[in-house]
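Here's the letter readout for the chains.
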Amino acid sequence: HNYLQLAIDTCSLDGTLSGPGPFTLFAPTDAAFNALPQGTVTALLSDLPLLTNILLHHVVGDSVMSGMLSNGQVVTTLLGTDVTVTIDTSGIYIDGAQVTLADIIADNGV
């Protein structure tokens, strides 16, 4: 999650996300960042308002374990946008992105 940490640091969200929470972070992997079109990451790092909104779209203001999710569930993010949960035989998806590692407990959430 090197790119994610860089993005969080660039937007100065580390203080917010290390707050009391609870939070659930749908954390994109470096592979997800690398799958973006060439130049996208650099452009995002230069557009702090957009990058901040994208990051806040990946955080829920509650501690949500995977077993608490249901197929078709809609969850509201810190940005105020909704993400949809899909659960099928191949796994759990948040807005179509597969959750590859779930339920990593942190001091202030998941």
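In this numbering scheme, every chain counts its residues from 1 along its sequence in written order. Note on the predicted model: pLDDT of at least 70 is required for a residue's local features to be given, and 80 or more for side-chain atom pairs to be given and counted; whole-chain, interface and lining totals, by contrast, use all residues. Hydrogens and water are ignored here; the side-chain numbers use all heavy atoms of the structure.

A. The packing of helix α1 (residues 2-10) against helix α5 (residues 48-56), seen in detail. Inter-axis angles, ranging from 0 to 180 degrees, are taken between N-to-C directions of lines fitted to C-alpha atoms, where helices are fitted over the stretch in contact. Each helix is a run of H or I in the DSSP string that is no shorter than four residues. Each strand is a run of E no shorter than two, and both are numbered from the N terminus. Remark: α1 packs on α5, axes separated minimally by 10 Å, with the N-to-C direction vectors making an angle of 120 degrees. The pairing of α1 with α5 is recorded here as oblique in orientation. Note that α1 runs across α5; the crossing there is left-handed. Only Leu-48, Leu-51 and Leu-55 of α5 make contact with α1, whose side of the interface consists of Leu-4, Ala-7, Ile-8 and Thr-10. Just so you know how the angles are binned, under 35 degrees is roughly parallel, over 145 roughly antiparallel, 65 to 115 roughly perpendicular, and the rest oblique. By convention the crossing between two helices is left-handed if the near helix lies anticlockwise of the far one by an angle smaller than a right angle, and right-handed if it lies clockwise. Residue contacts follow a heavy-atom distance rule, with two residues in contact if any of their heavy atoms lie within 4.5 Å.

B. View of the environment of Val-74. Position of Val-74 among the secondary structure elements: in strand β3 (residues 74-76). Among the residues examined, Val-74 registers a relative accessible area of 49% and is labelled partly exposed. When the C-alpha atoms of Val-74 and Ile-105 are compared, they prove to be 22 Å apart, with 31 residues separating the residues in sequence. The residues touching Val-74, leaving out its near neighbours within four places in the chain, are Asp-82, Val-83 and Thr-84. The classification of residues rests on relative accessible area computed with a 1.4 Å probe and restricted to protein chains. Under 20% of the type maximum is buried, over 50% is exposed, and intermediate values are partly exposed.

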